[in-house]
Amino acid sequence: MKAKPQLELIYLDMTLKMPFKWNTGEPLGEFFRELKANEKIYANQCPTCGRNYCPPANICTRDHSRCNEKDKWVAVGPKGTLLTFFICEQSFLIPTTGEMLEVPFSVGLVMLDGAPVVLQHCLQETDVEKIKPGMRVEAVFKPKEERKGNIFDIIHFKTIKE
Amino acid sequence: MTQRVAIVGIGQTNHSGRRPYHNDGEVIYDAISAALADAQLSIKDIDNVIIGDMELFEGHSLNDAMLLDYTGAEGRSGFKMNTGGTVGSMNVISGWYNVASEFSDTTLVIGWEKHDEGPTTSAITTIWDPAINRPFEVGAISGLAMISNAYMTRSGCPLEVGAIVRAQASDNAARNPKAHLRERYTVQDVMSARMVLYPLNLLMICPTSLGACALVLAGEKKARKINKKPVWIRDHATAHQVTRGMDFMAEAGKIDTSMTVTGRKIFQRNHITKPMEEIQVFEMYDPCAFCQPAWLEEFGLCEAGQGWRLIEKGVTAREGSFPVSPSGGTLCTNAIGDTATVRVAEAALQLRGDAGEHQVTREVKMALASGYGGMYWTDLLLLSNTLD
Ligand SMILES: [Zn+2]
């Protein structure tokens, strides 16, 4: 077989930069309003099967029932127990901001006190030797004037000694 | 109005990180041409075309329409699948529905991806819930890292087991000319690789590859005429799992996962009571080094806590009593849209005895292939080389 002649390979550069607005819906919106106004993390429960959700769910994943109304929500945390985690050492382009990720970036799933639910968020600790599943952590909130009603109203979870 | 369905043509490109002179269409065309040649058919013999990939990886949508010239779908029925990581197996399952229902007699299934064209970890991060999860995820690997940590905590699996899995995969891939990463690594090599996302280092996560895989499916009567060694799709199951807030992890180890559900369905429906004896090989979609131990357990192939011990004993090696991913698996080759199609193709090659240097030493009559992806969804297919 004859070798193909070497042709110049042309690449076209493209950047997709598209703004979106994403509607949270009612329970998640209320969850964020509580973070912002009262530093409260809420969970709710399915009245049919008892499964718990944080942030509060509208519809139960398991049985498709409508979950309970806000007057039955329970405040959980801000303390909790670390279930599992990762520590990212390699940066990448964050698709929602277009910025590069600052590393090390450590994230945990925290079982919040008060209900069998997890919340995923940053950990303050980034040293793998100092992170162990089962350790106690606590949510640290931004000062009130800086809170915007989104998940970043919590800065991170810090390690606590009890 | 139903018929049995067989795989009668298998085609796969070589996989690589980058392949000059190949645009997306040419990669697809190579895989289709190989599958049609394997079946000794031409595109004129195909009724229906199903194609799948990860949307956004190549920076454009509606790939099926854009690539119509290469896929050969003009004037034919068919559609595009976009189910994330499972797209490659969902393609095969959709092909099965089309042929089993006698809607078509021959269906061409194509899975493909060209990871070299964009920031795919950024693209895949958009699968996560934008308000709750997305800011705290790094593509697909972060979720896998958390599953891995949770599995190690729950089962006592040591970090070294991940390195055993990867070293074994590297030996398999070295024998497979279609694989992407074909370098052989020792357990020590894997342990000393650069950390990417603790506990997963660079060798413990799947690569970003470029490649395509195509299968020709045919109904029972036609299949026997086309190919002397048809591989039968005996059964398949799909299960979804919610990851809103990763909340299923709160009950990890206690609730059924998508693997548990699909495994149970397949084994019960096919009266399989000792899966590791009655089934001889498993091409598992294993995107990180701790998937094999954790998922052997979750699929119900062994008891909880035993997965990593079986790996330590060499059970899952190519020459072992239950080889897992003898092609080198997803850990060595991962052009996402084709990854699960490759699992089915490789399981079928094992059943035909056509896997070449990476053929398992055990005689294969029945095989499993799985697909896996966001959001923790699983497809499981049971294949065999006879209808007995
Ligand atoms: Zn419920």
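Every value quoted in this text rests on a predicted model; they were computed, and no experiment measured them.

Q: Let's hear about the coordination of the zinc ion: which residues, and what values?
A: Residue and element names in this part refer to chain A. The coordination sphere of the zinc ion contains the protein donors Cys46 (SG), Cys49 (SG), Cys60 (SG), Asp63 (OD) and Asp63 (OD), at a distance range of 2.2 to 2.6 Å. Each donor residue of the zinc ion belongs to the same chain, with the gaps between them written as C-x2-C-x10-C-x2-D. Highlighted residues: cysteine 49 in the loop between strand 1 (41–45) and strand 2 (52–53) and cysteine 60 in the loop between strand 2 and strand 3 (74–76), separated in sequence by eleven residues. On the accessibility criterion, cysteine 49 (34% relative accessible area) is partly exposed. Residue cysteine 60 is classed as buried on the basis of its relative accessible area, which comes to 1%.

Q: Go over the side chain of Thr257(B), please, and point to the residues and values.
A: Residue and element names in this part refer to chain B. Structurally, threonine 257 can be placed in the loop between strand 8 (231–239) and helix 10 (258–269). The exposure class of threonine 257 is buried, given its relative accessible area of 13%. Side chain to side chain, threonine 257 and threonine 260 meet in a polar contact 3.0 Å long. With sequence-adjacent residues up to four places away left out, threonine 257 is seen in contact with Gln241 and Glu298.

Q: Tell me about the sheet that holds strand 3 of chain A, residues and numbers included.
A: Sheet strands line up and pair through hydrogen bonds in the backbone, either parallel or antiparallel. Residues and elements named next belong to chain A. On the basis of which strands lie adjacent, the open sheet formed by three strands has the order 2-1-3 and antiparallel pairing. Only two strands of the sheet have a single neighbouring strand rather than two, namely strand 2 and strand 3. As defined by bridge partners, strand 1 adjoins strand 2 across two bridges and the pair is classed as antiparallel. Within strand 2, the residue paired with asparagine 44 across the bridge is tyrosine 53.

Q: Tell me about the packing of helix 4 (residues 87–100) of chain B against helix 15 (residues 336–352) of chain B, and name the residues and values.
A: Residues and elements named next belong to chain B. Put simply, helix 4 and helix 15 touch, their axes get as near as 5 Å, and they point 55° apart. As the angle between them shows, helix 4 and helix 15 are arranged oblique. Judged by residue contacts, Val87, Gly88, Ser89, Asn91 and Val92 of helix 4 engage Gly337, Ala340, Thr341 and Val344 from helix 15.

Q: Residue-level account of empty space enclosed by the protein, with values.
A: All names here are of chain B. According to the stated counting rule, one finds one cavity of 30 Å³ or more in the structure shown. In terms of lining residues, the largest cavity is bounded by Gln12, Asn176, Lys178, Ala179, Ser327, Gly329, Thr333, Asp338, Thr339, Val342, Arg343 and Glu346. A total of five residues in the lining of the largest cavity trace back to one element, the largest contributor, which is helix 15.

Reading guide: rules and limits
- As a convention, each chain's residues are numbered from 1 in the sequence order in which they are written.
- Key to labels: chains lettered from A, ligands numbered from 1, both in the order written.
- Two thresholds apply to this predicted model, a pLDDT of at least 70 for residue-level local features and 80 or more for giving and counting side-chain atom pairs, whereas whole-chain, interface and lining totals are computed over all residues.
- Water and hydrogen atoms were dropped before computing side-chain values, which therefore reflect all heavy atoms in the structure.
- Only nitrogen, oxygen and sulfur atoms count as donors, using a 2.8 Å cut-off from the metal that widens to 3.2 Å for Na, K and Ca. Water is left out, so coordination shells may look unfilled.
- The secondary structure listing takes helices from DSSP runs of H or I that are at least 4 residues long and strands from runs of E that are at least 2 residues long, numbered from the N terminus.
- With a 1.4 Å probe rolled over the protein chains alone, any residue whose accessible area is under 20% of its type maximum counts as buried; one over 50% counts as exposed, and the rest are partly exposed.
- Polar contacts here mean pairs of N or O atoms no more than 3.5 Å apart (in protein, one a potential hydrogen donor and the other a potential acceptor; neighbouring residues in sequence count only if both atoms are side-chain atoms).
- Any pair of residues with heavy atoms lying within 4.5 Å of one another is described as a contacting pair.
- Whether two strands pair depends on DSSP finding at least two bridges between them.
- In this analysis, axes come from line fits to C-alpha atoms, helices being fitted only over the stretch in contact, and the angle between any two N-to-C directions falls in the range 0 to 180 degrees.
- By the definition adopted for this analysis, an angle is roughly parallel if under 35 degrees, roughly antiparallel if over 145, roughly perpendicular if from 65 to 115, and oblique otherwise.
- Only protein atoms enter the 1 Å grid, on which a cavity is a set of points fitting a 1.4 Å probe that cannot get out and a pocket is an open set with protein on both sides within 12 Å along at least 5 of 7 lines, lining residues being those with an atom within 4 Å of a point.
- Grid points are joined across faces, edges and corners, and a volume is the space filled by probe spheres set on the points.

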